[in-house]
Amino acid sequence: DLFVINKPKDQVVHPGAGNTRNTIVNGLAHKRLSQKTLPRYGLIHRLDKDTTGLLMIAKNLNCYLKLVKMLQDREIKRFYKALVIGSLVNSIKVKSYITRNKNNRTKMQVSTMGKEAISEFYPIETYSKWSLIKCKLETGRTHQIRVHMKFKGTSILGDKQYGKAKL
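Residues numbered from 1 in each chain as written. Predicted model: local features only at pLDDT ≥ 70, side-chain atom pairs only at ≥ 80, totals over all residues. Heavy atoms only, no water.

Asker: When you look at the overall build of the protein chain in this model, what are you seeing that I'm missing?
Answerer: Helices and strands together make up the secondary structure of the protein chain, namely 3 helices and 7 strands. The linear arrangement of helices and strands in the protein chain, starting from the amino end, is β-α-β-α-β-β-β-β-β-α. For the protein chain, the C-alpha radius of gyration of 17 Å lies close to 15 Å, the compact-globule estimate for 167 residues. In terms of its C-alpha atoms, the protein chain occupies a principal-axis envelope of roughly 50 × 35 × 30 Å. A burial count over the protein chain gives 37% of its 167 residues as buried. A separation threshold of at least 6 residues defines the contact pool for the protein chain, and within that pool the share at least 24 residues apart is 56%. (Helix = DSSP H or I, 4+ residues; strand = E, 2+ residues; numbered from the N terminus. Rg over C-alpha atoms; globule rule 2.2 N^0.38 Å. Buried < 20%, exposed > 50% of the residue type's maximum accessible area, 1.4 Å probe, protein only. Contact = heavy atoms within 4.5 Å.)

Asker: How do you make sense of the pattern of salt bridges when you look at a structure like this?
Answerer: Once the charged atoms of two side chains with opposite charge are near each other, the side chains can pair. Applying the stated rule across the entire model yields 8 salt bridges. Glu 138 is paired through a salt bridge with Lys 93; the nearest N and O atoms lie 3.4 Å apart. With Glu 138 in the loop between β7 (130-137) and α3 (144-151) and Lys 93 in strand β4 (residues 92-100), the pair connects residues that are 45 residues apart, well separated along the chain. Among the salt bridges present, the one from Glu 116 reaches Lys 95, with a minimum N-O distance of 3.7 Å. Remark: Lys 95 occurs in strand β4 and Glu 116 occurs in strand β6 (residues 115-126); sequence separation between them is 21 residues. Look at Glu 116 and you get partly exposed, because its relative accessible area is 29%. Several salt bridges share partner residues, and in doing so they unite Arg 74, Lys 93, Lys 95, Glu 116 and Glu 138 into one network. (Salt bridge = Lys/Arg side-chain N within 4 Å of Asp/Glu carboxyl O.)

Asker: Would you explain a nonpolar patch on the surface in this entry?
Answerer: Where nonpolar side chains cluster on the molecular surface, the patch consists of Leu 2, Val 4 and Leu 54 and spans about 270 Å² of accessible area. With respect to the helices, strands and loops of the structure, Leu 54 is situated in strand β2 (residues 53-58). Overall, the relative accessible area of 56% leaves Leu 54 in the exposed class. (Patch = residues over 30% accessible without salt bridge, like charges linked within 9 Å, V, L, I, M, F, W, Y side chains within 5 Å. Areas by Shrake-Rupley, 256 points an atom, 1.4 Å probe, with all protein chains shown as cover.)

Asker: Just checking my understanding: could you explain the packing of aromatic side chains for this structure?
Answerer: Aromatic ring pairs: the centre-centre distance and the angle between the two ring planes describe each pair. Applying the stated criterion across every chain, the model contains 1 aromatic pair. Ring plane angle 35 degrees and centroid distance 4.6 Å describe the contact between Tyr 127 and Trp 130, whose orientation is recorded as tilted. By relative accessible area, Tyr 127 is classed as partly exposed at 40%. Of note, Lys 134 hangs over the ring of Tyr 122, and the distance from its end group to the ring centre comes to 5.6 Å. (Phe/Tyr/Trp six-rings, centres within 6.5 Å; stacked < 30°, edge-to-face > 60°. Lys NZ or Arg CZ within 6 Å of the ring centre and 35° of its normal.)

Asker: Looking at this model, I keep getting lost on the environment of Ala 29. Mind explaining?
Answerer: With respect to the element layout, Ala 29 can be found in helix α1 (residues 24-31). Spatially, the C-alpha atom of Ala 29 lies 7.5 Å from that of Tyr 41, the residues being 12 residues apart in sequence. Setting aside chain neighbours within four positions, we find Ala 29 in contact with Lys 36 and Tyr 41.

Asker: Just to check I follow, could you spell out α1 for this structure?
Answerer: Given 3.6 residues per helical turn, the α-helix brings residues three or four places apart onto the same face. Among the residues of α1, those classed as buried are Ile 24, Val 25, Leu 28 and Ala 29. What you see down the axis of α1 is that its buried residues fit within an arc of 135 degrees, all on one side. Turned more than 90 degrees from where α1 packs its buried face, His 30 and Lys 31 sit exposed. Looking at the buried positions of α1, the neighbouring elements they touch are β1 (2-7) and β2. (Arc of directions from axis to C-beta.)

Asker: What is the right way to read the environment of Lys 49 from this model?
Answerer: One can find Lys 49 in the loop between α1 and β2. Each C-alpha atom of the pair Lys 49 and Val 13 lies 7.1 Å from the other, and the pair is 36 residues apart in sequence. Leave out the neighbours within four places in its chain, and Lys 49 touches Lys 7, Pro 8, Lys 9, Asp 10, Gln 11 and Val 12.

And the structure:
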């Protein structure tokens, strides 16, 4: 009923501007013709190109509908680890709205309107210049962790789009 893929860094999930070939969706459409009949080819969620992690893909409509509902009802828990610039000593919860950046359509930003986004960040290891954190997503907006990190005045180490590339 379900594929679970351990997506590597730099693997694009869904075709888009600048990435029309060699995506996970392209592979599904080519190797599993039945995926074409499912909404979003069975994708339950997406991961950014630079993000590694588990990706859920339904093989049939019944599974797809159940998993989408579970995600909407926040029954599926999503956790990520990230190295961030700065010292995160205490856990923080960020609740905001995220919308597309009007000046740069490839970026998102915290706004007074848009879609609700809720993230929680927990320190695992903290040093003077960086922290290893656990990120819990209650919602799943485009670039959510990265946008919330920027909103809190920091960034994921090496994130060239939303933050500092170096310490």
